[in-house]
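Observations on the model geometry
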2 protein chains.
Amino acid sequence: MHDLNRTIALLTRTPAALDALLRDLPDEWTRRNEGENTWSAFDVIGHLIHCEHDDWMPRVRTILAHGDAQPFPPFDRWGHVKAVQGKSLPQLLDELIRIRAENIAELRALNLSAADLARPGRHPGLGIVTLSELLATWAAHDLNHLHQIARVMAHQVREPVGPFRAYLGVMQCNAHGA
Amino acid sequence: MHDLNRTIALLTRTPAALDALLRDLPDEWTRRNEGENTWSAFDVIGHLIHCEHDDWMPRVRTILAHGDAQPFPPFDRWGHVKAVQGKSLPQLLDELIRIRAENIAELRALNLSAADLARPGRHPGLGIVTLSELLATWAAHDLNHLHQIARVMAHQVREPVGPFRAYLGVMQCNAHGA
C-alpha cells in the first residue's frame, strides 16, 4: 500500500505542475514539435487526457474483473489528435486536471489490497503484467512525458542558445522513442 | 525583444511548476539520485538556486559592464552542496521562487535593447557568447533540469514498473551529461 500512496502522490501533482509550466506560455513554446510525426507540448497534454479516458482506469477495471483472462482494451497512441482539435491549451489543462482528479478518486475508492495489486493482467504487447506494475507505470508515464515536454520545448531554442548547446544535455537527448 | 519576452515567460513559470510537482512529495521521489555523483530532485533545486545567485545575473552584469574584455566570474557546479545542507525541500522551493522573481525584476528593469542583446561576453570554456545567447540559455537550462528531474524520479520506479520499462523512453535516457 505504501507504494500505491507514493504513486498517487505523484499522480495528483503532475497536472498542476504542467498547468503552472504551460498555461498562457507563448505558442512558440507550446505548439511547436520536433519535426514530422512528433508531438508538441500541446499534443502531449492531449495524449495524457486520452490515456486518462482510454488507458489507465480501463486497464485497472479489466484486471479486477477478468485478471489475465482478457487482454487490455486496445489503445490508440494517436487517439488524441481528433479530440484536441479546436481546443485551446488552457481548455486541455482544465480537462486534464478534472479527469485526473476523477480517476484518482475512483482509484482510491477501490481500496486495493496487496492481493489485488498482485493480480495479473494481459497486455497485448508485453504479456502478463500485474496491477501493481500498471499503477507504477501510470506515474512513470507522467514523468516520461514531462521529460518529453522539457525536451520538445528546449528544442525550440536550440539556435538561440548558440555555443551553450554543447552544455545542455536536454539538446542531446535522442527521444528514446518518446 | 520578442525573444526576451518568450524567455522571461518561461523563467517566471518554472519555479511554480517545480513547486507544484515536488512540494510535499515523499522523499522516495525527491531525495534519491541515480547513483554516485548524481543529483536528486532536491539537489537540482539547490543547483538552480545557486545559479540564480552565482551564474545568470552575474554574467549579465559582466557583459553589460565589460563586454568580452573580462571573462565571466567562475561558477562551481557543486557549489550548492553546502548551501542546501540542513534545509528542507519546501524551504528550497520558497527560496527558488523568491530569488527567481528578484532576478527577473532586475532583468526587466535593465530594459535591454537589441544592441545590448548583441553584446559579446567571454565564457571561460566556450569563448565568445552574446548576451542574447546567455539569456536564451537561462531558460533552456530550466528545461534541461526539468528533463533531468523527470528522469531521476522515473529512475526510482524502474523496478516497480516491470516489463513496461521497455515502453518508457525516460528510462532509456543516458543523462547526456546532465
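Scroll up for the structure.
As a starting point, this report considers the structure included with it. All figures in this text were calculated on a predicted structure; none of them were measured in a lab. (Residues numbered from 1 in each chain as written. Chains lettered and ligands numbered in written order. Predicted model: local features only at pLDDT ≥ 70, side-chain atom pairs only at ≥ 80, totals over all residues. Heavy atoms only, no water.)

1. Focus on the interface of chain A and chain B
Keep this limit in mind: By definition in these notes, contact holds between two residues if any of their heavy atoms fall within 4.5 Å. In this description, buried area is defined as the sum, over both parts, of the accessible area (probe of 1.4 Å) that is lost when the two are combined. Within 3.5 Å is the distance limit for a polar contact, defined as a pair of N or O atoms, with the added protein rule that one can donate a hydrogen and the other accept it, and that residues adjacent in sequence qualify only through two side-chain atoms. Note on conventions: DSSP H or I runs of at least 4 residues are helices, E runs of at least 2 residues are strands, and numbering of each starts at the N terminus. In this classification, Asp, Glu, Lys and Arg are treated as charged, Ala, Val, Leu, Ile, Met, Phe, Trp, Tyr, Cys and Pro as nonpolar, and every other residue, Gly included, as polar.
Counting residues at the interface gives 55 residues for chain A and 55 residues for chain B. Summed over both partners, the interface of chain A with chain B buries about 4700 Å², with 73% contributed by carbon and sulfur atoms. Per-residue buried area on chain A facing chain B is highest for Arg6, Arg13 and Phe164 of chain A; these three make up 15% of the total on that side. Our count for the contact surface shared by chain A and chain B stands at eleven residue pairs in polar contact (both at pLDDT 80 or more). Counting only elements with at least two residues in the side of chain A that touches chain B, the list comes to helix 1 (2-22), helix 2 (27-30), strand 2 (127-130) and helix 8 (131-155) of chain A. The dominant element in the side of chain A that touches chain B, judged by the number of residues it contributes, is helix 8 of chain A, at 16 residues. In terms of residue class, the side of chain A that touches chain B is built from 32 nonpolar, 14 polar and nine charged.

2. Observations concerning the packing of helix 8 of chain A against helix 8 (residues 131-155) of chain B
Going by this rule: For helices, the axis comes from a line fit to the C-alpha atoms of the stretch in contact; other axes are also lines fit to C-alpha atoms, and the angle between any two N-to-C directions lies between 0 and 180 degrees. Each angle receives one of four descriptions, namely roughly parallel if under 35 degrees, roughly antiparallel if over 145, roughly perpendicular if within 65 to 115, and oblique otherwise. Crossing handedness follows the turn of the near helix against the far one: under a right angle anticlockwise gives a left-handed crossing, and clockwise gives a right-handed one.
Between helix 8 of chain A and helix 8 of chain B, whose axes approach to 8 Å, the crossing angle comes to 160°. With respect to each other, helix 8 of chain A and helix 8 of chain B are oriented roughly antiparallel. Helix 8 of chain B is crossed by helix 8 of chain A, and the crossing has left-handed handedness. Residues Leu143, Leu146, His147, Ala150, Arg151, Met153 and Ala154 of chain A of helix 8 of chain A form the contact with helix 8 of chain B, whose participating residues are Leu143, Leu146, His147, Ala150, Arg151, Met153 and Ala154 of chain B. Broken down by class, the residue content of the contact of helix 8 of chain A with helix 8 of chain B amounts to ten nonpolar, two polar and two charged.

3. Quick look at the environment of Asp24 of chain B
Put simply, the rule is: Think of it in three bands: residues with accessible area under 20% of the maximum for their type are buried, residues over 50% are exposed, and the middle band is partly exposed, with areas taken using a 1.4 Å probe on protein chains only.
Relative to the assigned elements, Asp24 of chain B resides in the loop between helix 1 (2-22) and helix 2 (27-30). Judged by its relative accessible area of 57%, Asp24 of chain B falls in the exposed class. With residues up to four places along the chain from it excluded, the contact list for Asp24 of chain B reads Arg13 of chain A together with Pro90 of chain B.

4. Examining the pattern of salt bridges
Spelled out, the test is: Whenever Lys or Arg places a side-chain nitrogen within 4 Å of a carboxyl oxygen from Asp or Glu, that contact is recorded as a salt bridge.
Per the counting criterion, the structure on display carries 20 salt bridges over all chains. A salt bridge links Asp19 of chain B to Arg23 of chain B, with the shortest nitrogen-to-oxygen separation between them at 2.7 Å. Assessed through its relative accessible area of 23%, Arg23 of chain B is described here as partly exposed. Across the pair Glu106 of chain B and Arg61 of chain B runs a salt bridge whose closest N-O atoms are separated by 2.9 Å. Pair noted here: Glu106 of chain B is in helix 6 (residues 89-110) and Arg61 of chain B is in helix 4 (residues 56-66), with a separation of 45 residues, a long-range link. Classification of Glu106 of chain B as partly exposed rests on a relative accessible area of 28%. Through salt bridges with shared partners, a single network forms among Asp19, Arg23 and Asp94 of chain A.

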